[in-house]
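# Fold and contact review
Letter by letter, the chains look like this.
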Amino acid sequence: MVAGLKGIRLAVVGGDDREIYLIPELQKLGAYIVGVGLEKAPPIPGLTLVGTLLEAVSQVDVLLFPMFGTDERGLVKAKYGNSPVVLNKEVLQAIPSKVPLCIGWARQALKSAADMLGIRIVETANLPELAILNSIPSAEGAIQMAMEATPITLHGSQSFVIGLGRTGWTLARMLMGIGAHVTGVARKSADLARAAEMGFQPVHLSDLEDQIGRAEIVFNTAPAPVLDRVMLEMMARDAVIIDLASLPGGTDFEYAQMLGIKALLAPGLPGIVAPKTAGKILAQVYPQLILRQLSTVNALV
Ligand code: NAP
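Right, let's walk through the structure included here. What you are looking at is a predicted structure, and each value in this text was computed from that prediction instead of being measured. Counting from 1, residues in each chain are numbered in the order their sequence is written. Only residues with pLDDT of at least 70 get local features here, since the model is predicted, and only at 80 or more are side-chain atom pairs given and counted; chain-wide, interface and lining totals rely on the full set of residues. No hydrogens and no water enter the side-chain calculation; it runs on all heavy atoms of the structure.

An order of β11-β10-β9-β12-β13-β14 is seen for the six strands of this open sheet, with the pairing classed as parallel. This sheet does not close on itself; its edge strands, each paired only once, are β11 (201-204) and β14 (262-265). Looking at each pair of strands side by side, their axes are set apart by 20 degrees on average, direction ignored. Strands qualify as paired when DSSP identifies two bridges or more between them. Strands here mean DSSP runs of E at least two residues long; helices mean DSSP runs of H or I at least four residues long; both are numbered from the N terminus. The sheet contact formed by strand β12 (residues 217-220) and strand β13 (residues 240-243) spans four bridges and is parallel. Counted as the bridge partner of F219 is I242 from β13. Packed onto the sheet, helix α7 (residues 189-197) meets β10 (181-186) and β11 and runs at close to 160 degrees relative to β11. Here, axes are lines fitted to C-alpha atoms. For helices the fit covers the stretch in contact, and angles between N-to-C directions go from 0 to 180 degrees. Residues count as neighbours in contact if any of their non-hydrogen atoms are within 4.5 Å of one another.

This is the structure we're talking about:
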C-alpha cells in the first residue's frame, strides 16, 4: 500500500535523473516539494525551486538527499544544479531537530556533526526494501557492462559472483537465466547451500584461489578487498572483472591493470542504467519511510 503524503513538505536536494521521476510520484501522493540544485532540470509542474539549501531547510518537514550522499567537503551531487550545493556546518546548524535528513550514505564526519547538533540522519541505501529492489537495475547494469567488456556471450560463460547478498543473488539468478554457468562465492554455509539449491556452483571464499582460474567473468559484490594480488595472479589474463562493491571496490585495480586483466568499477548503476525505474523504486519506498520518520519525531516532541 502506498502511503499518502498530503500536507507534508519535502525538500529534494540535488541528485540525478532519479529525482526527476521521484518528485512527481511524491507530488501525486500529496506532498509539497521544494527543490534545491534542480534549476536545469526539465520543468516539473508544482515544484518550488529555491536558490539555496539554507533557504530550504527551514521550510520543510523532511530533507531528501541523493543516494550518493556527499563528498568529503559536503558537496552534494546535483546533475541539474546551477551552482554547487554544499551541506556545510552553516546548513546543518539551521536544520531544525525535528526535520529528518534522509540520505543514501552518510560519511562519518556528517554523522558526527549531526550527532552533536541533534539532527536525525536516516541512511536509506542500506534499507533492505530499497537495496533489494535496487538490486534489479544494478544486476541488469552489471550484465550490460559485462556484455560490452567481453568478446564472448554470457550464455555458456563461466561467471563468478562473489558475495551472495541482496545484489549477488539477483545477479546470479539473472546470469543463470541468460545461460551462464554461475559460480556463487560466499562464506556462510547457508548461502552456499542455497546456491547449490538454486543451481549455482557453490564455492567457499577460502577456496576461491583454487577455483578462480576458470572464471571468464567475475562480478564482485563483497565490499572487501577480495580480489587482491594473490587472487588476481590466479586469474586468466583475458578474464573480466565487474566490481559493484561500494567505493573503492574489492579489486586491486592497479595490479589488475599491470597483469592485463580488464577490471571495471561500476558505482551507482541504478541511476545510470535505469533512472526511471530507480526513481520509481525510491518513490515506492520513501513514502512509508517519511511517515515513519515523522511519527518517530512527533512521538519524541
Ligand atoms: P549485502 O546484501 O550486505 O551483501 C554483501 C555480500 O558481501 C554478502 O554476501 C556478504 O557476506 C559479503 N561480504 C561482506 N563483507 C565481506 C568480506 N569482508 N569478505 C567477503 N565477503 C563479504 O550488500 P548488497 O546490498 O548486496 O551490496 C553489496 C555491495 O554492492 C555494497 O558495497 C553496495 O554498496 C554495493 N552496491 C553497488 C551498486 C552499484 O550500482 N554498483 C548497487 C547496489 C549495491 P556475509 O553475509 O557473509 O557477510
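From this point, things continue past the structure.
Right, let's talk about the nonpolar core for a bit. Counting 31 residues, the largest nonpolar core has L10, L26, I33, L64, L130, Y286 and I290 as the members making the most contacts within it. Broken down by secondary-structure element, the contributors of at least two residues to this core are β1 (9-13), α1 (17-28), β4 (62-64) and α12 (275-300). If one sorts the elements of this core by residue count, α12 sits on top with eight residues. Ignoring sequence-local partners within four residues, the contact set of I33 consists of L10, V12, I23, L26, Q27, G46, L47 and T48. What we call a nonpolar core is a set of buried Ala, Val, Leu, Ile, Met, Phe, Trp, Tyr and Cys residues that are connected through their side-chain atoms within 4.5 Å. In this scheme, a residue with accessible area under 20% of its type's maximum is buried, one over 50% is exposed, and one in between is partly exposed, where area comes from a 1.4 Å probe on protein chains only. Counting residues in each nonpolar core, the second largest holds 27 residues, with A142, A146, V182 and I217 among its members.

Our next topic: helix α6 (residues 166-178). To estimate how far a helix should reach, multiply one less than its number of residues by 1.5 Å. Relative to the 18 Å expected for 13 residues at 1.5 Å per residue, α6 spans 19 Å between its end C-alpha atoms, a close match to the ideal helical length. For α6, the full list of buried residues reads G168, W169, T170, L171, A172, M174 and L175. Where α6 is buried, its residues meet α5 (128-149), β9 (158-162), β10, α7 and β12. Immediately beyond the C-terminal end of α6, within one or two residues, lies G179, with a positive phi of roughly 105 degrees.

Now for the pattern of salt bridges. The salt bridge criterion pairs a side-chain nitrogen of Lys or Arg with a carboxyl oxygen of Asp or Glu, the two atoms within 4 Å. Within this structure, the stated rule accounts for twelve salt bridges. Salt-bridge contacts for K111 lead to E123; the nearest nitrogen and oxygen are separated by 3.2 Å. Residue K111 is found in helix α4 (residues 108-117), and its partner E123 is found in strand β8 (residues 121-123); the two are separated by twelve residues along the sequence. Overall, K111 belongs to the partly exposed group, its relative accessible area being 31%. Of the residues examined, E123 reaches a relative accessible area of 28% and is grouped as partly exposed. Each of E25, K28 and K280 takes part in salt bridges that share partners, so that together they form one network.

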